[in-house]
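Here is what each chain is made of, one letter per residue.
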Amino acid sequence: MTRKIGYVQAFNEAVRQEMAANEDVFCAGEDIGAFGGVFQSYAGLQKEFGERRVVDTPISEQAIIGLGVGAAVAGLRPIVDIMFMDFIAVAFDQIINQAAKVKYMFGGSATVPMTITTGGGGGLSAAAQHSQSLEALICHIPGLKVVYPSNPYDMKGLMTSCIRENNPTIMIKHKRLLGMQGEVPEEPYAIPLGKANVLREGTDVTIVSWAKMANDCVDVADKLASEGISVEVIDPRTMQPLDTETIIESVKKTNRVIVVHEAVRFAGLGAEVAAQIQEEAFDYLDAPVGRVAAPFSPVPFSPVLEAHYQPSPEKITDAVRSVLARPGA
Amino acid sequence: MDFSTDVLMDMHRRMVRIRLFEEAAGQLAEAAKLPGFLHLYVGQEAVASGVCAALTDEDQITSTHRGHGHLVAKGGEFKPMMAELMAKSTGYNKGKGGSMHISNLDVGMLGANGIVGAGAPIAVGAGFANKYRDNGVVSASFFGDGSTNIGAFHEAANMACALKLPVLFICENNEYGEFTPRDKTMAITDIVDRAAGYGMPGVIVDGMDVVAIHEAALEAKKRALAGDGPSLIEAKTYRFYNHHGVQNLGLKYRTDDEVEVWKQRDPIFTFEDRMIEAGTASRDDFDNVWAELRADIAEAIQFAEDSPVPEVDQILVDVYSATPGAAS
C-alpha cells in the first residue's frame, strides 16, 4: 500500500524496516539517539531498537567511520552518520584509504557492508562548510558507491539497497528535499544501485541531473513543453556506479544534452558525463554538451549570493535554449 | 605470574618466527626481490608475541606499516606472507596489498596499514562488533608512539572508552616517529600518561620482555571481557633496523651507540638466557627451534619465488564485493 510521506520519513522507514529484518544492522552517529539526528532522519529508532543498536557517538568523524569499517569487516552491517557532507573531509582517511580499499588491498578476503549517511546540498544559507555537494570527490574513489536521491520514493528504495549492499556506500540526503512529499509504498522495496530513472520523457534535449536539481530541471522541462520544446530529464540516482547506458541511449535520441549539478563546474561530475558522452555518442551530438553548475567559489552565506551561485531555472532554461540553437545534422 | 613451559616456548617460537621472517625479508629486499617499501619489526618481537599469545584466533588485531611481526605473531603462515611481499598471486592479499597492507582475516589480522594511526578506529569498530554480539572476543590495536600524535588515535581511544568496548591499545614506543625522536614531537616521556585523559588504565612494560608484555596483555584482556572497557599498554621497545629497509648503523638521526645499547637487550636472546638460567629450557631446545624455523623460511622463500605473478586481468577484480540478491 502506498501513501504520501516525506523524503526524510522515507529514509527513516528504510532504516527501521531493515533493522527489524536484520539484527546485524545498527546505526551510529552524532545526536542520532534520543534526539533523532539533526535532520530527524533517525527519529524514534533508538526508542524502538534501544541504545545497543542506535548509538550516540562522540563528535569524532574519523572514529565514526572507523567504527563502521571495523564492525563491517567483523561481520555487522553498520549505518554510520556524518551529520553534514562537508564533514566527510574530517574523516577522509577512513573513507578513502580504509573503507574503500580494504577489500581490494586484502585480495578480496574482506567485505565492508557499511552505509555512510550524510546531508548534502545548499540553499539554506548554511555557508561554505555546511552546504557542499561533494559527490565528485567520493565518486573518484574506486571501492565506494555513491547515492543521491531526488524524491521520497527513490530515497526509501535506494536506502534499502544501500543497507543490503556489501560495499561501502554513501547515501547523501539533500537538505532542501527533507520535507518533500511523495507516494511511497509501506512495504520494503529496493531500487538497484547504478540504475538511472527517466524522470520525464522527451525528444529534443536531454538533461542529466540529480538530487534537488533534478526536480528543478523537471519544472523547467514542464515550462518549456508549453513552447513545444520536449525535454527528457534523466536522474542517475546513483552517481557511482553511474548508469552511462541510459544517458547515452537518451543522447542518441535527442542529440543534445546538458548536465546540471549543484557542485562547482570545474571537475564536477558534469565533466565526466560529458566526456563519456563524447566517447560513446560523438557522432550523435548536434551541439557541445552543456553544463550548468556552480561557479568556482565556496558556497556563499548571503541568501542573495547563494541564490545566484546555484543553478537557477533561468540558467537551466538558457542552457537548454543554447544547445537547441545549434543547427542539427 | 608463572607461565608453563609450553606458554613460554610458544612465545619464544613466535619471536623467532618474526625474527627469521624479517631477516629474510630484509635480505630479499637488499637483493631487489621485494618491490615497494619494507618496514622491519626486528627488535620489537616481544611486543607482538607477548600480546598475541594472550589472544585467540577469533580475537582481532589491527596493525601498522611495520606489520609483518603482528601477522606472524597472530599465526600468519610464512608461505603466503612471503609470497605477498614478493607480490605473487599466492600471497595472502593476492599480490595486491604487499608489506604495508598484509592481512589475514582467518587469524583475525585486520591488516597492516599504510596510514599512521588508522588502525585504531578500525580496532574500535571490531570491538564494537564483539560487544554487540557479546561473543567473548576482544580486539587489540598495535601502534607506535608517533601514532598517538594523530587525531585518529585520540578519537578511537576516546570512543572506545566512552562506549566501554573490549579493546586493547598496544603502544610500541620505539622512541622514533620515522626519523624524528619522540622528545621533538611530544612534551611527555611516557605515552601512558595519555591513558588517563581517556579514562582508561595505562601501564608501562619493558617492551624487550615478552613475559612482562604477556602479563599486561592478559590483564587488559581480562578487564575488557569483564565489561570494564579498554586499557593502554605502553611497551618501551626499539627497532634495530632503520625506519624502512635494513640499514641500522651510520644513520644521522640516532647514534650507533644507542642502537648497540638496545641490541644488548635483544628480546629473544635475553629471553633464552633467562630460560636457560632458570632451567626451563636448554640451548639445544632453542637451537632446535631456530633450525626448524629456518627450514620453514627457506621453504617459504622457495614457494614465493616459484609462485606466479598476478594475471593483469586481476586489476579490476575485488574492487567491489558482489551483493547476492540485490535488486537489478
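Participant: What am I meant to see in the overall build of chain B here?
Facilitator: When helices and strands are counted, chain B shows 12 helices and 7 strands. By the compact-globule yardstick of 20 Å for 328 residues, chain B fits well, its C-alpha radius of gyration being 19 Å. Principal-axis analysis of the C-alpha atoms gives chain B an extent of 55 × 50 × 40 Å. When each of the 328 residues of chain B is scored for burial, the buried share is 54%. A separation of at least 24 residues holds for 75% of the contacts in chain B among residues at least 6 apart in sequence.

Participant: Explain the sheet that holds strand S3 (residues 54-56) of chain A to me, please; I cannot follow it from the model alone.
Facilitator: Pairing between sheet strands relies on hydrogen bonds along the backbone, with the strands arranged either parallel or antiparallel. Residues and elements named next belong to chain A. Here we have 7 strands laid out as an open sheet, ordered S3-S2-S4-S5-S7-S6-S12, and mixed in their pairing. Looking at the sheet topology across the chains shown, the edges are occupied by S3 and strand S12 (238-240). Taking the axes of each pair of neighbouring strands and ignoring which way they run, one obtains an average angle of 20° across the sheet. Here 5 bridges tie strand S2 (residues 25-29) to strand S4 (residues 77-84), and the two strands are oriented parallel to one another. Its bridge partner lying in S4, glycine 29 is registered against aspartate 81. Together, S2, S4 and strand S5 (115-120) form the strand contacts of helix H3 (residues 61-73), whose direction differs from that of S4 by roughly 165°. Its contacts with the sheet place helix H7 (residues 152-164) against S2, S4, S5, strand S6 (145-147) and strand S7 (169-174), and it is angled at close to 155° to S7.

Participant: In this structure, what is going on with the domain arrangement of chain A? I would like to understand it.
Facilitator: All names here are of chain A. Examined at the domain level, chain A breaks down into domain 1 (2-185) and domain 2 (197-325). Computed from C-alpha atoms alone, the centre-to-centre distance between domain 1 and domain 2 is 26 Å. Secondary-structure elements contributing two or more residues to the side of domain 1 that touches domain 2 are helix H6 (135-139), S6 and H7. Each residue belonging to the side of domain 1 that touches domain 2 can be placed in one class, and the counts come to 11 nonpolar, 9 polar and 4 charged.

Participant: Whenever I open this one, helix H10 (residues 269-281) of chain A confuses me. Can you help?
Facilitator: For an α-helix, 3.6 residues make a turn, and residues three or four places apart therefore share a direction. All names here are of chain A. An ideal rise of 1.5 Å per residue puts 18 Å on 13 residues; H10 measures up with 18 Å between its terminal C-alpha atoms. Along H10, the residues classified as buried are Leu269, Gly270, Val273, Ala274 and Ile277. Along the axis of H10, the buried positions cluster into a sector of 140°, meaning they face one direction only. Exposed and facing more than 90 degrees away from the buried side of H10 are Ala275 and Glu279. Against the buried residues of H10 lie H6, strand S10 (205-209), S12, helix H9 (244-254), strand S13 (257-264) and strand S14 (290-294).

Participant: Explain the environment of B:Gly207 here, please?
Facilitator: Note on placement: B:Gly207 falls in the loop between strand S6 (202-206) and helix H9 (210-225). With 163 residues separating them along the chain, B:Gly207 and B:Gln44 place their C-alpha atoms 7.1 Å apart.

Participant: Looking at this structure, how should I read the interface of chain B and chain A?
Facilitator: If you look at the interface, chain B gives 38 residues, while chain A gives 41 residues. Contributions of two or more residues to the side of chain B that touches chain A are made by helix H5 (119-133) and helix H6 (151-162) of chain B. Per element, the largest residue contribution to the side of chain B that touches chain A is 9 residues, and it comes from H5(B). Residues that form the side of chain B that touches chain A fall into these classes: 22 nonpolar, 12 polar and 4 charged.

Participant: How should I be thinking about the sheet that holds strand S3 (residues 167-173) of chain B in this particular structure?
Facilitator: Residue and element names in this part refer to chain B. Judged by pairing direction, the sheet is parallel, and its 5 strands sit side by side in the order S1-S2-S3-S7-S6 without closing on themselves. Two strands lie at the open edges of the sheet, namely strand S1 (60-62) and S6, each paired on one side alone. On average, each strand axis in the sheet is tilted by 20° relative to the strand beside it, whichever way the strands run. As defined by bridge partners, S6 adjoins strand S7 (residues 231-236) across 5 bridges and the pair is classed as parallel. Bridging from a neighbouring strand, glycine 202 pairs with leucine 232 of S7. Sheet strands in contact with helix H2 (residues 45-52) are strand S2 (139-144), S3 and S7, and its direction is about 165° off that of S3. Each of S3, S6 and S7 touches H9; the most contacted strand, S7, lies at about 170° to it.

Participant: I tried to follow H7(A) on my own but got confused; where do I start?
Facilitator: A rise of 1.5 Å per residue sets the reference length of H7(A), with its 13 residues, at 18 Å; its end C-alpha atoms lie 18 Å apart and thus fit the reference within 8%. With 13 of 13 residues buried, H7(A) lies mostly within the body of the structure.

Participant: What's the story with the confidence of the model for chain B in this structure? I'm lost.
Facilitator: Caution applies to low-pLDDT parts of the model: their predicted coordinates are not meant to be read in detail. Averaged over every residue, the pLDDT of chain B is 96; the share at 70 or more is 100%. Among the prediction metrics, the complex's ipTM stands at 0.96, with pTM recorded as 0.97.

Participant: Looking at this structure, how should I read unusual backbone geometry?
Facilitator: Put simply, A:Gln240 and A:Pro241 share a cis peptide bond, and its omega is 0°. Among the secondary structure elements, A:Pro241 is positioned in the loop between S12 and H9. Despite not being glycine, A:Ser125 shows a phi value in the positive range, around 55°. Residue classification places A:Ser125 among the partly exposed residues on the basis of 16 C-beta atoms within 10 Å. Although it is not a glycine, B:Lys164 sits at a positive phi angle of roughly 50°.

Participant: What's the story with the packing of helix H1 (residues 5-30) of chain B against helix H11 (residues 267-278) of chain B in this structure? I'm lost.
Facilitator: When two helices pack together, their arrangement is given by the angle between their axes and by how far apart the axes lie. Residue and element names in this part refer to chain B. Where H1 contacts H11, the axes come no closer than 10 Å and their chain directions differ by 150°. Considered as vectors, H1 and H11 are oriented roughly antiparallel to each other. For the pair H1 and H11, the crossing hand works out as left-handed. For the pair H1 and H11, the contacting residues are Leu8, His12, Met15, Val16 and Arg19 in the first and Pro267, Ile268, Phe271 and Met275 in the second.

Participant: What is the right way to look at the packing of helix H8 (residues 211-225) of chain A against helix H12 (residues 313-325) of chain A in this model?
Facilitator: Residues and elements named next belong to chain A. Where H8 contacts H12, the axes come no closer than 10 Å and their chain directions differ by 60°. As the angle between them shows, H8 and H12 are arranged oblique. Here H8 runs over H12; the crossing is right-handed. On H12, the residues touching Asp216, Cys217, Asp219, Val220 and Leu224 of H8 are Pro313, Ile316, Thr317 and Val320. Taken together, the residues that form the contact of H8 with H12 break down as 6 nonpolar, 1 polar and 2 charged.

Participant: Explain the nonpolar core to me, please; I cannot follow it from the model alone.
Facilitator: Burial of nonpolar side chains together is a common tendency in soluble globular proteins. Among the nonpolar cores identified, the biggest contains 199 residues, and A:Cys27, A:Ile258, B:Val51, B:Val124, B:Leu168, B:Ile170 and B:Ile233 are the most heavily contacted of them. Once residues within four sequence positions are removed from consideration, B:Leu168 is found in contact with B:Val138, B:Ala140, B:Ala217, B:Ala220, B:Lys221, B:Ala224, B:Pro230, B:Ser231 and B:Ile233.

Each value, and the rule that gives it
- All residue numbers refer to position in the chain's written sequence, counted from 1.
- The naming scheme follows written order: chains are lettered A onward, ligands numbered 1 onward.
- Where totals are concerned, whole chains, interfaces and linings use all residues; where local detail is concerned, this predicted model gives features only for residues with pLDDT of at least 70, and gives and counts side-chain atom pairs only at 80 or more.
- A run of H or I in DSSP counts as a helix once it spans at least four residues, and a run of E counts as a strand once it spans at least two, with each numbered from the N terminus.
- Both definitions apply: the radius of gyration is a C-alpha atom measure, and the globule rule equals 2.2 Å times residues to the power 0.38.
- Using C-beta atoms placed from the backbone, we call a residue buried if 20 or more other C-beta atoms fall within 10 Å of its own, exposed if 12 or fewer do, and partly exposed for counts in between.
- Residue pairs are scored as contacts if the distance between their C-beta atoms, which are placed from the backbone, is within 7 Å.
- Here, strands pair whenever DSSP counts at least two bridges between them.
- A fitted line through C-alpha atoms represents every axis, and for helices the fit uses only the stretch in contact; the resulting angles, taken between N-to-C directions, go from 0 to 180 degrees.
- An automatic or database domain assignment is the source of the domain bounds shown.
- Amino acids are sorted into nonpolar (Ala, Val, Leu, Ile, Met, Phe, Trp, Tyr, Cys and Pro), charged (Asp, Glu, Lys and Arg) and polar (every other residue, Gly among them).
- Multiplying one less than the number of residues by 1.5 Å gives the expected span of a helix.
- The arc under discussion is defined with respect to the helix axis, by the directions toward the C-beta atoms.
- Every residue carries a pLDDT, the predictor's confidence in it, which falls somewhere between 0 and 100.
- Each angle receives one of four descriptions, namely roughly parallel if under 35 degrees, roughly antiparallel if over 145, roughly perpendicular if within 65 to 115, and oblique otherwise.
- Crossing handedness is read from the near helix: turned anticlockwise from the far helix by less than a right angle, it gives a left-handed crossing, and turned clockwise, a right-handed one.
- Joining buried Ala, Val, Leu, Ile, Met, Phe, Trp, Tyr and Cys residues through C-beta atoms within 7 Å gives a set, and that set is a nonpolar core.

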